[in-house]
Amino acid sequence: MQPLTLDFEDEYHLIGIHSTEEDYRLAYLLNTHLKTRLTRFKEVLDFKDSTAEFPLFEYKDERAFIDYYLINNKHNLVVNNTEENSLFRGAYRTSSYLIPEKRNVDFFLKIS
């Protein structure tokens, strides 16, 4: 009898998308042109050491056994600093990235 071997290596394609569209609008456009049904996931990707949250859209095609995920790579946070003696007094914007090495990518489409 031969031992059973399991291969847990995930196979997926990761596509970087450059777009100025909002995440919900991009999901709508992808649904229209790719015939998918991406919907906003109830949870967002967040990390313990960060205040950044990254919206996630998903669609699981059970007939074709393909999962689609649209992930926002950029999180903008508007900070309103009211300290009197601060160099950066007033409102300013900071950006956090899910994958900092790919700052020029706005969204990732993961197909697995």
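Analysis parameters
- Residues numbered from 1 in each chain as written.
- Predicted model: local features only at pLDDT ≥ 70, side-chain atom pairs only at ≥ 80, totals over all residues.
- Heavy atoms only, no water.
- Helix = DSSP H or I, 4+ residues; strand = E, 2+ residues; numbered from the N terminus.
- Contact = heavy atoms within 4.5 Å.
- Salt bridge = Lys/Arg side-chain N within 4 Å of Asp/Glu carboxyl O.
- Buried < 20%, exposed > 50% of the residue type's maximum accessible area, 1.4 Å probe, protein only.

### Comments concerning the overall build of the protein
Along the backbone of the protein there are one helix and nine strands. Of the contacts formed within the protein by residues at least 6 apart in sequence, a portion of 49% connects residues at least 24 apart.

### Looking at the environment of Glu11
Mapped onto the elements of the fold, Glu11 is located in the segment before β1 (13–17). The spacing of Glu11 and Ile111 is 100 residues in sequence and 8.8 Å in space, taken between C-alpha atoms.

### Some details on the pattern of salt bridges
Oppositely charged side chains may form a pair once their charged atoms are brought near each other. Using the criterion set out here, one finds one salt bridge in the structure. Two residues, Arg25 and Glu21, come together in a salt bridge whose shortest N-O distance is 3.7 Å. Residue Arg25 is classed as partly exposed on the basis of its relative accessible area, which comes to 36%. On the basis of relative accessible area, Glu21 is assigned to the partly exposed category, the value being 33%.

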